[in-house]
Every structure is written in C-alpha cells, then in structure tokens.
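One letter stands for each residue in the lines below.
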There are 2 protein chains.
Amino acid sequence: MNIIVDALGGDENSSEVVKACVKGSKDFDVDITIVGDELSIKKELKKYGDTSRIKVVNATEKIDNYDEPVTAIKTKKDSSMVKGFDMLKRGEGDGFISAGNTGALLIGATLIIGRIKGIDRPALSPFIPTDKGVSMLLDVGASTNCRCINIYQYAFMATSYLKHVMGVENPKAALLNIGLEEGKGDKLRKEAYEYLKESPINFTGNIEARDIPTADVDIILTDGFSGNIVLKLYEGVAKYFTSILKNMFTKNIFTKLSALMVKGSIKDFKGKMDYTTYGGAPFLGVKKPVFKTHGSSKWKEFYYTIKNLKLYIENNVIDEIKTSISETGGNFSENV
Amino acid sequence: MNIIVDALGGDENSSEVVKACVKGSKDFDVDITIVGDELSIKKELKKYGDTSRIKVVNATEKIDNYDEPVTAIKTKKDSSMVKGFDMLKRGEGDGFISAGNTGALLIGATLIIGRIKGIDRPALSPFIPTDKGVSMLLDVGASTNCRCINIYQYAFMATSYLKHVMGVENPKAALLNIGLEEGKGDKLRKEAYEYLKESPINFTGNIEARDIPTADVDIILTDGFSGNIVLKLYEGVAKYFTSILKNMFTKNIFTKLSALMVKGSIKDFKGKMDYTTYGGAPFLGVKKPVFKTHGSSKWKEFYYTIKNLKLYIENNVIDEIKTSISETGGNFSENV
C-alpha cells in the first residue's frame, strides 16, 4: 500500500509532514510518497534513521489559500496537489492526504478522481470534539446547494466510514434541525427526516445545535452551508473561551498559582478539545480515498490521518459505500 | 404609555415578572398591564409598596412549549398570550412582552397584529454576547425558507432598531457566510451580498462563523435556519464550557482555593456572557411592538425589555422601518 502526501499544502514547513510520514510508515506498515519541494524534504528525511519506505516526488508549484480553486487545479499542473491527484488517478498510490486549499482539493477530487457512481455530491466530513469523544459532521461545505438526496447519501457514507474505519458498531445518525420533533425545519429537513426514518440507517431523529457538545450521536447530518457554520462557530467559540481562560490565569502571581492547582483539569480539557488524534476529514463520495487535514496541522494529525487512510483502504470503505448506495439509491424520485 | 406583559409565558412563576414590572414601571415611567393568574399576581404585588401603575388582567389558560403554535393561538382564547395580543390589537396597550412559546408568539404576532406593509417576513432578532458587547442576530427562526428580499429587509429593520433603541450611530451589518470574499456561499448569499453592497446600509461584507465571538459588527444577517443554529450552538458551547470550568474548580480543596484567586476574572466572564441586560428579542417587522424574552428569564431580562420597548415606542421605530422599507423596497424584482 502506498499513500501520497502533499507536503506543500499546510501552513507548516515540511518538517511536520516528514515526521508524520516517517513515523506513520513504520507504525502502520505502509509506503509513502511525499510530493513537494524535494530538496527540503530530503534534508528533513536525513534527520531520521531508516526511511527506505519513503519516496519523494518533486513539485515546483504550490496551491495556496488565495488561489481560485478551479483555476488553480487547471493551471498549476506542477503543484504538489495536482501532482498528487494525478498519481492517485494513475494508480501510483492508493490514497491522498493534503492540508491544502479546501476548495481546490474538492475540485481536484471531483475533476481528476471523480465521484463514486450513484453519489450526487461528495461531502467533506470532519470530526468535531464532543463530551463523549467525537461526532462526524457532514457536509461542511463541499456543496452549498443541498438537496434531500445528498443528506440521505451522507448518512450512508458516514455510516460506512464509522463502521469500517473507526470501528463503531452501529453508528447513530442525527439530523441537525431547529427543533426536536418530526416535522420541524424547512422543506429540506422535513423531506430528509422522512427518508432517513424509513432507511436502514440508525437514525435517532433531529438534534438541535445546543445539544451538539454533549450529544450521544456519531453522525450529524446537515447541508454544507449550515455545517460549515457549525464547524467554524464551534472552533471560534472554543478559541475565544480558551483565550479568556488563559487571560484569567496569567494576570498576576496569584492567578498563576491558581493555574498550577487546576493544571490537571486544564490538561484534560485541552485533551478533550484536541481532535488531532482523530485524524483529518475524508472527502466521502470520491472514487479514491482523499483526506483533508487542517491547514495548521502538526505531525500528529497527519500521522493519524495516515492510520485512518490505511483502514479506509484495507476495509474497502469505497466498495461499502458503492454497495449501500446502489441498494438504497433507488428509493429516490428525481425531485428530492 | 402602557405595556402589556404576559406572566404565564416563562418557566418561572409570576414573582420574577411582577418584580420586573413594579421596578420597571417606576424606573422607566410607564404603566404596565400584567396578564396571567390574577390571584397569584396580586399576591406578589402585595410585597411591594406603591403599585398604582400596575393593572392585572386575569387569564385562565396558558400556552406552553408543547402546544402546536397555530392551534394554540386559534383555540386557547383565554390564554395570557392570546389575551395580550388581543389587547395590543385593540389599542389597550402599546407593546407586548412574553417569554412564551416562540412559534405561538410569531403566529400570534402575524395573525392577530399583522406585518408592517412592505415587510415580507418578520424576524426574531436577539442579541448575542460578543467580546465587544453584543451583536443583533437575525433571523433566528421566524421563517425557515428565506429569500434575498428577506435578508435585505432584515438589514433595514435591524439598523432602525439599533439606531433608535440602542443608540448605535451607524450600525455595521455583516452577512453570515462560509467565506469572506464577495461571491462566496450559496445563491441566497451571493444575491444578498449584491443588494446589500448597493444599499444605504453600513454593510461591512461577509462574516465567517468563527469570527462571531470577536467581531466588530452590530448586526449579523442570515436566514432563520442557520441563525437558529448559530444562536443555539453558541448557547450550547457556552454552557458546556461553563460546566467544564465549574467542574475544574470544584474537584478538591486546592481547586476551590484556586477558584478564589481567579474570582474576579470568573465574574468578568460571567458578566460578559450575561446578555440579560440587553433585554429580550424584538419581532421586527410586526405592526406593533412585540418582544420575546427567554423562557428562563429572570426579572432583569424582563426589566430591560420594558426599557427597550419604551424606547422602541418613543422613537417610532416602526415608522422608521416603514419609511426605510417604502424607500428601498422598490429596488427588488419579484423573484429575489
């Protein structure tokens, strides 16, 4: 198994990516091809002992966050991202990981790799930290004009992923809505509820946004627009609160002393909010495995993404998705 | 000026409402009619000295949160909410405050009182706490199928409110979106951006959800579905963090000691998150002033809502909205 990793996507220099790849290739028994600036990658690799399972492919361009996605994918042919996708397409690797421009990654995944037959729209499916662990939230912006069939398919894709990659036996899926009762919400929510209720999905009904932090669900289903808002607001509020907490403890000698006394609790809290150990977000619905990690990813997030990618491949999640979609897609009329 | 207050709407018994009304009638120089269980209200009133500006109207029914809104408004004719609306309609009061069932309040406001001419949909417009104070967020669920013209009208209504009730000179309005640049988002956001950009509104462009806690804007514009999600997630995450903070400090004698040292900061933080002093949320776009306070409102939130309602009436906000809408509504084609 060979995994392709984009070294130029994130905000960090290649040292974090290289560290993750060296450690990941050993611990998870995979070959890895790093695409990026060959010189700096090779320099980094020298820091480690045996790197025989790591290959390096040079890329002279970088797609950054200011690039317009479609233009970038079509014109930056020697970028690490386009090269990575091309290799994946040609079968020179079994999966692709990048911390790069989300829009460009989605365009690349759709244009170069393509969608699974029967899947209308792929979904970007990150994990968000909750009191009991994490929940997979999808979609968070891969598509902004969402129909009922999309949400329905998200449920099947996420269920396959959680079962086969995360080992969750019977993943619970909830529909994000503005009320708990059936019949709440807009047309999209009402329709989606009806379909999910009748499906083989372990559907637990509606969930309200206020219950996300403490909810006992594995999958939160929503359209890409509101999913993106949930993801970013969660991040924004968490960051804001953490900064308040920090200010609280750094004011003077007494507050610093106080911080020492609750050190363990602060550590627990940080641990709970640290979702890097759950790895990056898969683009579910794409023909081959493509994962997006945070732009600011450190080695640990890449490392766990490599682990998940391996499980994704080994457990044939894509075939699982194909099967579940072909078995259930027929339930849909053209208009929903 | 006479303000009608629903004493049966909230989770609290009438003591909180009565306290707010007695204090509010004096401090803000208004007459108040409390609608609810006459006996218990009069018993509460006896606790205070001069209550000559308070009238009580008996209601034998209560609309609660489990009631289906349309049915409740149509059948519970002797409920405190329907009676309050009827009095407002007949001119026996100048404004109405309730902590009751949001859906029923909206239905009552629309069916019994009616919309301002030219306003397509009223908006429920609460304040959310931010680092610099508060921002008005609208809509948060008064309507779930939102069109461009609605968001456009929200901007004018919120601007009038903030200018004339909160004394904000030139309120800054931002559009909640999944990216900062113009052209981001779904069809609704793209269209709304175009219209807002060309409008007399002090439009500052898109805002991403992650920036809400620290943003320097007065108005956040969005559709009722995503607005409801923002409001509830904000609330949910804040509650979750506060509970973690509490657990952190109550573990043992050392952590309790630690809490003492950061007491001032915790108080500051609680103060910042306490938006009761900003009063309840107006239903903007309704012909007469209708305010919704939290179901769990204590006297302070009712009290400040009375204050805002008085300013709303005194400053003719409804006329201001009418004027701004009739001057600008013509910019719209039928289809947006």
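Note that residues are indexed from 1 along each chain, following the sequence as it is written. Each chain gets a letter, beginning with A, and each ligand a number, beginning with 1, in the order they are written. In keeping with the model being predicted, local features are shown solely for residues with a pLDDT of at least 70 and side-chain atom pairs are shown and tallied solely at 80 or more, while totals for entire chains, interfaces and linings include all residues. Only heavy atoms go into the side-chain values, all of them from the structure, while hydrogens and water stay out.

## A short note on the overall build of chain A
Consideration 1: Secondary structure elements are defined from DSSP: runs of H or I of at least 4 residues count as helices, runs of E of at least 2 residues count as strands, and each element is numbered from the N terminus. Secondary structure assignment for chain A yields 12 helices and 12 strands.
Consideration 2: Over its C-alpha atoms chain A spans a radius of gyration of 21 Å, differing by no more than 12% from the 20 Å that the globule rule assigns to 336 residues.
Consideration 3: In terms of principal-axis extent, the alpha carbons of chain A reach across some 60 × 60 × 35 Å.
Consideration 4: Buried residues are those whose accessible area, probed at 1.4 Å on protein chains only, stays under 20% of the maximum for their type, while exposed residues exceed 50% and partly exposed ones sit between those limits. Counting only residues that meet the buried cut, chain A has 57% of its 336 residues in that class.
Consideration 5: The contact criterion used throughout is that any non-hydrogen atoms of two residues lie within 4.5 Å. At a minimum sequence separation of 6, the contacts of chain A that also span at least 24 residues come to 71%.
Consideration 6: Here chain A has roughly 13900 Å² of accessible surface; of this, 49% comes from carbon and sulfur atoms. For the radius of gyration, the atoms used are the C-alpha atoms, and the globule rule reads 2.2 Å times the number of residues raised to 0.38. Every accessible area reported is derived by Shrake-Rupley at a probe size of 1.4 Å, with residue values counting cover from the shown protein chains alone.

## Quick look at the packing of aromatic side chains
Consideration 1: Geometry of aromatic contacts follows a simple scheme: Phe, Tyr and Trp rings, the Trp one being its six-membered ring, pair when their centres are within 6.5 Å, and the pair is stacked under 30 degrees between planes, edge-to-face over 60, tilted otherwise. Across all of its chains, the model carries 26 aromatic pairs over all chains by this definition.
Consideration 2: An angle of 70° between the planes, with centres 5.8 Å apart, marks the rings of Y152 of chain A and Y195 of chain A as edge-to-face. Taken together, the residues Y152 of chain A in helix α6 (residues 148-164) and Y195 of chain A in helix α7 (residues 187-197) connect sequence positions 43 residues apart.
Consideration 3: We classify Y195 of chain A as partly exposed; its relative accessible area is 22%.
Consideration 4: For the pair Y161 of chain B and Y312 of chain B, a centre-to-centre distance of 5.6 Å together with 50° between the ring planes defines the contact as tilted. On the criterion of sequence distance, the pair formed by Y161 of chain B in helix α6 (residues 148-164) and Y312 of chain B in helix α11 (residues 299-314) is long-range, its members being 151 residues apart. Each member of the pair, Y161 of chain B together with Y312 of chain B, is buried.

## Structural notes on the relation of the copies chain A and chain B
Note that the two copies of the chain are related through a rotation about an axis and a translation along the same axis.
Consideration 1: With an RMSD of 0.0 Å, the fit of chain A onto chain B corresponds to turning through 180° and sliding 0.0 Å along the axis. Considering both components of the superposition, the chain copies are consistent with a two-fold axis. For chain A, the minimum C-alpha distance to the rotation axis belongs to S258 of chain A and amounts to 2.1 Å.
Consideration 2: Residue by residue, 100% of the interface of chain A is reproduced at the interface of chain B, so both copies engage with the same surface. All copies are superposed by least squares; the fitting set is the C-alpha atoms of residues with a pLDDT of at least 70 in both.

## Quick word on the pairing of strand β7 (residues 133-138) of chain B
Residue and element names in this part refer to chain B.
Consideration 1: Buried residues dominate β7, accounting for six of its six residues.
Consideration 2: Only strands that DSSP links by at least two bridges are regarded as paired with each other. Pairing of strand β6 (residues 127-130) with β7 involves four bridges; the strand directions are antiparallel. Of the residues in β7, the one forming a bridge with I128 is S135.
Consideration 3: Hairpin connection, β6 to β7: the antiparallel pair is bridged by two residues.
Consideration 4: Pairing geometry for β7 and strand β10 (residues 219-221), over three bridges, is parallel. Residue pairing for β10: L138 is matched across the bridge by L221.

## What to know about the interface of chain A and chain B
Consideration 1: Chain A puts 49 residues into the contact, and the matching count from chain B is 49 residues.
Consideration 2: Joining two parts hides part of their accessible area as seen by a 1.4 Å probe, and the buried area is that hidden amount summed over both. In this assembly, chain A packs against chain B so that about 4400 Å² is buried in total across both faces, 75% of it on carbon and sulfur atoms.
Consideration 3: When a carboxyl oxygen of Asp or Glu lies within 4 Å of a side-chain nitrogen of Lys or Arg, that pair is called a salt bridge. At the junction of chain A and chain B, the tally comes to four salt bridges.
Consideration 4: We note a salt bridge from R210 of chain B to E235 of chain A, for which the minimum N-O separation is 3.1 Å.

## Quick notes on helix α5 (residues 102-113) of chain B
Residue and element names in this part refer to chain B.
Consideration 1: Multiply 1.5 Å by the residue count of a helix minus one, and that product is the helix's expected span. Taking 1.5 Å per residue, 12 residues should reach 16 Å; α5 reaches 15 Å between its end C-alpha atoms and fits that length.
Consideration 2: When we look at burial in α5, the residues that qualify are A104, L105, L106, G108, A109, I112 and I113.
Consideration 3: Along its buried surface, α5 packs onto α3 (69-75), α4 (80-89), β4 (95-98), β11 (281-284) and β12 (290-292).
Consideration 4: The residue sitting at the N-terminus of α5 and contributing the capping side-chain oxygen is N101; that oxygen lies 3.0 Å from the backbone nitrogen of G103.
Consideration 5: Directly beyond the C-terminal end of α5, a positive phi value near 95° is found at G114. Polar contact is defined as a pair of N or O atoms within 3.5 Å, subject to the rule that within protein one atom must be able to donate a hydrogen and the other to accept it, and that residues adjacent in sequence are counted only when both atoms are side-chain atoms.

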